[in-house]
Amino acid sequence: MWLIVNPGLLDEKEHPLPEGQSTIGRTEENSIRVLHMSLSRKHARLERHGDRIVLVDLGSKNGTLVNGVRVERFALREGDSFQCGDVHFKLVSSPAEMEPTHIQVLTTRFSPSSMEELLEQGRAPNSPSALKVRQASEADVRSAEKLRVLLKVSQMLSSPGPIDGLLERIAQLVFQILEVDRAAILLADRTSGELRPRVARLSTGEVPSGSFYSQHVVEYVRKHSVAALFADAREDPRLDGADSVMLQSIRSAMCVPLKPQDEVLGVLYVDNQARANGFTEEDLEFLTAFANQAAIALENSLLSQRLAEEAVMKNAYLRFFPPTVLKKLQSEKQAHLGIVETEVTILFSDITGFTSLSSNLPPRQVVDLLNEYFPVMADIVFRHEGTLEKYIGDALMAVWGAPFPQPEDADRAVRAAVEMQRALAHLNTRWRSEGRTELQIHVGLNTGRVAAGNIGSEQYLQYATIGDATNIASRICDAAAPGEIRLSEATFQRCLERTWPMTKQGPVHLKGKQEPLSLYRVEWRDSNVE
């Protein structure tokens, strides 16, 4: 039995469905992982026993649907389709194989089997052109031959892959098609905008020991966004003062911009060390057309790389930030969150008596309880635009004010704390009816300055806030009684709404603090405010 993801679409994928349980979701621990925002971390489960397959929703946010109707548990048969969020699935006995009624070999005179068939094996010694395209007596025929070469170039550069591999293919094609001594591809740095060499080769295939191209030439082409031919570089007035022309033994050179649309991505440079007038206008025209094909391939590769980076960033930061913050991070291109000092409001929420609870319940039951509790609390943090920093055992830590501060950060944090208490009351009502263990939490909030940003290694990054304000928030949480929300004077002063009554408590001695602190208790039970 097989499961088809997105059947009939370009990103269709097939997954074998083994006996037992298989889970569907967007995180790595799932049997079938689909990176789509509409899926929950652990969205649904398929239970297979022979030909009997049952679809079970795992409390997903966007639901599991069969025939457009949301289901919690549904028995599937071969050929049935269902939906998780916005992603479609189909159950089949084997991967679909469509047999064609007619077969046509896609080979015409415009699609040769290899580049070698299009090029001369040996270039005529007195040929004025550096092009290795087969000689033809008529201009129209030669133009057609050049067009066939360019079509082949387009085909050879169209396959996806890493940008470094693509640049190597471009350089190899340059030497295969043109009689040149040296070639270099320079790309504009995305941050500084400076041209940086990415590939440089000699006609022998060796990597040169140093820079051989004229900086004057590449900058001229990039600045003016024109293809340039320097028939005799030593005599060309445009290169007056370009010492590199003499030092690098450049006799003739061509340089063209890599410009798929309006933006110049970089330049392609070739030269000849042996003779002046080694290139013709025909060569420049061809190299320009070649560079256009290469630029389109580069743009596609860069776009693919950028999308992959964004997907990695989104997946990495999905557990920290709400969707609004993720969009802002992407739009402002702040994929790498450096350390900054900023003011935040920190919330700590802890389960009362969790150690005793863990000792009285089987471990699996404790994990199941937390797996129901934490997603509800995390959704509340995100709904109030907070950053979910971490889980610490049974505790949850969230911050408001990082990575982007807002004037009402303290109010959002307090609203989130109240909603957490009310959401837990609803959970307890359901658990009570099911004869299960109920929970109580105590919450502490504090406002102060911290260092916020990515902390860790390249293999594992953790977005974190470090500072005494964080420690105080944790101590305030410890001082709160079951079912209480307590906050510091600093948070109280920054609350603009005061939606719920706040009762000032007597001075409280917190662990690690010499001076007692004045705390406030949020009387969330005494208000009808939702």
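Computed from a predicted structure; not experimentally measured.

### Regarding the overall build of the chain
Scanning the chain for helices and strands turns up eleven helices and 24 strands. Here the chain holds 530 residues, and 45% of them are scored as buried. Of the contacts formed within the chain by residues at least 6 apart in sequence, a portion of 58% connects residues at least 24 apart. Accessible surface, the chain: about 28000 Å² in total, of which carbon and sulfur atoms supply 51%.

### Focus on the pattern of salt bridges
The tally for this structure, following the rule as stated, stands at 29 salt bridges. A salt bridge links E19 to R48; the shortest N-O distance between them is 3.8 Å. You can see E19 sitting in the loop between β2 (13–16) and β3 (20–25) and its partner R48 sitting in strand β5 (residues 44–49), a full 29 residues away along the chain. Taking the relative accessible area as the measure of exposure, R48 reaches 15% and is therefore buried. A salt bridge links E408 to R412, with the nearest nitrogen and oxygen atoms 2.5 Å apart.

### With respect to the packing of helix α8 (residues 363–383) against helix α9 (residues 409–433)
Taken N-terminus to C-terminus, the directions of α8 and α9 make an angle of 150°; their axes are 10 Å apart at the nearest point. Of the possible angle classes, the one that applies to α8 and α9 is roughly antiparallel. Where α8 crosses over α9, the two elements pack in a sense that is right-handed. Counting all contacts with α8, which are made through L369, E372, Y373, V376, M377, I380, V381 and R383, the residues of α9 involved are A416, E419, M420, A423, L424, L427, R430 and W431.

### Quick word on the pairing of strand β24 (residues 519–522)
For strand β22 (residues 485–488) and β24, the ladder comprises three bridges, and the chain directions are antiparallel. Residue pairing in the sheet places S488 in a bridge with L519 of β24. Across three bridges, the pairing between strand β23 (residues 502–504) and β24 is antiparallel. In the sheet register, M502 faces β24, and the bridge partner there is V522.

### Quick word on the sheet that holds β3
Read from one edge of the open sheet, five strands run β4-β3-β5-β6-β9, paired in mixed fashion. Among the strands making up the open sheet, the edge pair consists of β4 (32–33) and β9 (73–76). Pairing geometry for β3 and β4, over two bridges, is parallel. Each bridged residue has a counterpart across the sheet, and for I24 the counterpart in β4 is I32.

### Some remarks on unusual backbone geometry
Going from A402 to P403, the amide bond is cis rather than trans, its omega being 10°. With respect to the helices and strands, P403 occurs in the loop between β19 (395–400) and α9. One non-glycine residue, N6, lies in positive phi territory at about 50°. Although it is not a glycine, S225 sits at a positive phi angle of roughly 50°. Residue placement: S225 occurs in the loop between α3 (215–224) and β14 (228–230).

### Focus: the sheet that holds strand β15 (residues 252–258)
An order of β13-β12-β16-β15-β14 is seen for the five strands of this open sheet, with the pairing classed as antiparallel. Every other strand in the sheet has two partners, leaving β13 (195–202) and β14 as the edge strands with one partner each. With strand direction ignored, the average angle separating the axes of adjacent strands in the sheet is 15°. Bridge analysis of β14 against β15 gives three bridges, and the strand direction is antiparallel. Across the sheet, residue F230 finds its bridge partner in β15, namely A253.

### What about a nonpolar patch on the surface?
The grouping of I339, I455 and I466 at the surface amounts to a nonpolar patch, some 270 Å² of accessible area in total. With respect to the helices and strands, I339 occurs in the loop between α6 (323–331) and β17 (340–351). According to the relative accessible area criterion, I339 is exposed, its value standing at 51%.

### A look at empty space enclosed by the protein
In total, this model carries one cavity of 30 Å³ or more according to the counting rule given. Volume-wise, the largest cavity comes out at about 40 Å³. The dominant element in the lining of the largest cavity, judged by the number of residues it contributes, is α9, at three residues. In the lining of the largest cavity, the residues fall into four nonpolar, one polar and four charged.

### Comments concerning the confidence of the model for the chain
Overall, the predicted model of the chain reaches an average pLDDT of 83, with 81% of residues at or above 70. No element of the chain has a lower mean pLDDT than helix α4 (residues 243–247), which averages 47, and none a higher one than β22, which averages 95. Segment residues 97–106: pLDDT under 50, and one contact once partners within four positions in sequence are set aside and those in other chains are kept.

How each quantity is defined
Residues numbered from 1 in each chain as written. Predicted model: local features only at pLDDT ≥ 70, side-chain atom pairs only at ≥ 80, totals over all residues. Heavy atoms only, no water. Helix = DSSP H or I, 4+ residues; strand = E, 2+ residues; numbered from the N terminus. Buried < 20%, exposed > 50% of the residue type's maximum accessible area, 1.4 Å probe, protein only. Contact = heavy atoms within 4.5 Å. Areas by Shrake-Rupley, 256 points an atom, 1.4 Å probe, with all protein chains shown as cover. Salt bridge = Lys/Arg side-chain N within 4 Å of Asp/Glu carboxyl O. Axes fitted to C-alpha atoms, helices over the stretch in contact; angles between N-to-C directions. Parallel < 35°, antiparallel > 145°, perpendicular 65-115°, else oblique. Left-handed = near helix turned anticlockwise from the far one by under 90°. Pairing = 2+ DSSP bridges. Patch = residues over 30% accessible without salt bridge, like charges linked within 9 Å, V, L, I, M, F, W, Y side chains within 5 Å. 1 Å grid on protein atoms, 1.4 Å probe; cavity = no way out; pocket = protein on both sides within 12 Å on 5 of 7 lines; lining within 4 Å. Points joined across faces, edges and corners; volume = space filled by probe spheres on them. Nonpolar A, V, L, I, M, F, W, Y, C, P; charged D, E, K, R; others polar. pLDDT = per-residue confidence, 0-100.

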